[in-house]
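Chain by chain, the residues run as shown.
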Amino acid sequence: MGIFGLFNKKKKETLDAGLEKTKQSVFSKITRAIAGKSKVDDDVLDNLEEALITSDVGVDTTLKIIHRIEERVARDKYVSTSELNTILKEEIASLLTENNTKDSSNWDLPSDHKPYVILVVGVNGVGKTTTIGKLAYQFKQAGKKVYLGAADTFRAAAVEQIQIWGDRVGVPVIKQQMGADPASVAFDTLQSAKANGADVVLIDTAGRLHNKVGLMNELKKIKDVMKKVVPSAPDEVLLVLDGSTGQNAFEQAKQFSAVTSITSLAITKLDGTAKGGVVIGISDQLKVPVKYIGLGEKMEDLQLFNKKEFVDSLF
């Protein structure tokens, strides 16, 4: 049994409810795209292309999806509009598979070493600290010993926020005063976590992007210092993005992946937006797997991403 448990009926209901706004938006656009048509022709494909682009899937990813559908239409000779939903589901799930997105519904920490170190990056306001708190909660619920590192020393509020989450979840937070060297905080966190037999460490980082060189140097220094304590660290560099910002989230993702290697994505706030299509586009364009999606305020509303269930809920 993995840390987050198997995908069940309750999680599916949360997923369906969280994607409701996106689903209504996408569905209404696709319904208009095929109105009055019995088979998938050029007009339908043009309208479908527009529907996907305006659902924040992104231009390049949309063109890939349309190209795949064109190939199937050419191969099968006749494809009815009633089959279009099924084909869309299959092609988008296939695209996500090609982008290394595995269905990690039963994911567990590797058993060959500990602590497992997750470096969390993302601009301020995307739900980074909340995501760290929810992850800490779910790891702790699974019986894991968790440590948090408050390495966003640029904002006083960031250290306070992560301390609030630490208190709420009941896990230790390693911190220093505001303005301290983030790498020093990361070093202290890993030393303490290792000495106390922690299973998993989550390190928060500053979310400013206006000075990309500074950010790149800071993240490199944090990584180098962590390796002195845990040679494999970080095991994961998790980029948190706010799904409700649509294409803006994609731009942030591009900028972060330009300054450091991102290994996984968490896309938050999907329950409050009709822009859930951005999940497909970001994963496709970055070739980085989506690992978590945020679907609400509750601790359990951060779910491991399951591409088949996601596409099912969307269409």
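Residues numbered from 1 in each chain as written. Predicted model: local features only at pLDDT ≥ 70, side-chain atom pairs only at ≥ 80, totals over all residues. Heavy atoms only, no water.

A. Broad picture of the overall build of the chain. On a plain count of helices and strands, the chain comes out with twelve helices and eight strands. Relative to a compact globule of 315 residues, whose C-alpha radius of gyration would be 20 Å, the chain shows 21 Å and is just as compact. Taken along the three principal axes of its C-alpha coordinates, the chain extends 65 × 40 × 30 Å. For the chain, buried positions account for 56% of its 315 residues. Taking the intrachain contacts of the chain between residues at least 6 apart in sequence as the baseline, contacts between residues at least 24 apart amount to 77%. Split by element, the accessible area of the chain, about 13,200 Å² in all, is 51% carbon and sulfur. Where the 42 positive side-chain charges of the chain centre and where its 41 negative ones centre are 4 Å apart. (Helix = DSSP H or I, 4+ residues; strand = E, 2+ residues; numbered from the N terminus. Rg over C-alpha atoms; globule rule 2.2 N^0.38 Å. Buried < 20%, exposed > 50% of the residue type's maximum accessible area, 1.4 Å probe, protein only. Contact = heavy atoms within 4.5 Å. Areas by Shrake-Rupley, 256 points an atom, 1.4 Å probe, with all protein chains shown as cover. Lys, Arg positive; Asp, Glu negative; His and termini not counted. Charge placed at Lys NZ, Arg CZ, Asp CG, Glu CD.)

B. Here's a closer look at the side chain of Arg72. By the secondary structure assignment, Arg72 is in helix H4 (residues 59-76). By relative accessible area, Arg72 is classed as buried at 15%. When sequence neighbours within four positions are dropped, the list of residues in contact with Arg72 reads Val79, Ile87, Glu90 and Glu91.

C. Layout of the packing of helix H3 (residues 42-53) against H4. The N-to-C vectors of H3 and H4 enclose an angle of 150°; their axes lie 9 Å apart at closest approach. Here H4 runs roughly antiparallel to H3, going by the angle between their axes. Two packed elements cross with a definite hand, and for H3 against H4 that hand is right-handed. For the pair H3 and H4, contact is made by Leu45, Leu48, Glu49, Leu52 and Ile53 and by Val59, Thr62, Leu63, Ile65, Ile66, Ile69 and Glu70, respectively. Counted by class, the contact of H3 with H4 contains nine nonpolar, one polar and two charged residues. (Axes fitted to C-alpha atoms, helices over the stretch in contact; angles between N-to-C directions. Parallel < 35°, antiparallel > 145°, perpendicular 65-115°, else oblique. Left-handed = near helix turned anticlockwise from the far one by under 90°. Nonpolar A, V, L, I, M, F, W, Y, C, P; charged D, E, K, R; others polar.)

D. Quick look at the pairing of strand S2 (residues 146-150). Counting buried positions along S2 yields five of five residues, so the element is predominantly enclosed. Sheet topology note: the S2/strand S4 (residues 200-204) ladder contains five bridges and is parallel. Paired with Gly149 across the strands is Ile203, a residue of S4. With two bridges connecting them, S2 and strand S3 (residues 173-174) associate as parallel partners. The residue bridging Leu148 from the neighbouring strand is Val173, located in S3. As for the winding sense of the linkage, the β-α-β connection from S2 through helix H7 (residues 156-169) to S3 is right-handed. (Pairing = 2+ DSSP bridges. Right-handed = clockwise from strand over helix to strand, strands pointing away.)

E. Fine view of the packing of helix H6 (residues 128-141) against H7. Across the interface, H6 lies against H7 with an axial gap of 9 Å and an inter-helix angle of 20°. Here H7 runs roughly parallel to H6, going by the angle between their axes. In this structure, the crossing between H6 and H7 has a hand that is right-handed. The segment H6 lies against H7, with Thr129, Thr130, Ile132, Gly133, Lys134, Ala136, Tyr137 and Lys140 engaging Gln161, Ile162, Trp165 and Val169. When grouped by side-chain class, the residues that make up the contact of H6 with H7 number six nonpolar, four polar and two charged.

F. Representation of the nonpolar core. Counting residues in hydrophobic clusters, the biggest one holds 102 residues, and the most contacted among them are Phe139, Leu202, Ile282, Tyr292 and Phe310. Leave out the neighbours within four places in its chain, and Leu202 touches Ile118, Val120, Ile132, Leu135, Ala136, Phe139, Val146, Tyr147, Leu148 and Gly149. (Core = buried A, V, L, I, M, F, W, Y, C linked by side-chain atoms within 4.5 Å.)

G. Quick look at the sheet that holds strand S7 (residues 290-294). Taken together, eight strands build an open sheet; the order of strands is S3-S2-S4-S1-S5-S6-S7-S8 and the sheet is mixed. With one partner strand each, in any of the chains shown, S3 and strand S8 (302-304) form the two edges of the open sheet. Summarising the sheet, S7 and S8 pair through three bridges and their orientation is antiparallel. Note that in S8 the partner of Ile293 across the bridge is Gln303. Sheet contacts for helix H9 (residues 212-229): strand S1 (116-121), S4 and strand S5 (236-242); angle to S1, the most-contacted strand, approximately 170°.

No statement about biological role is implied by the geometric values presented.
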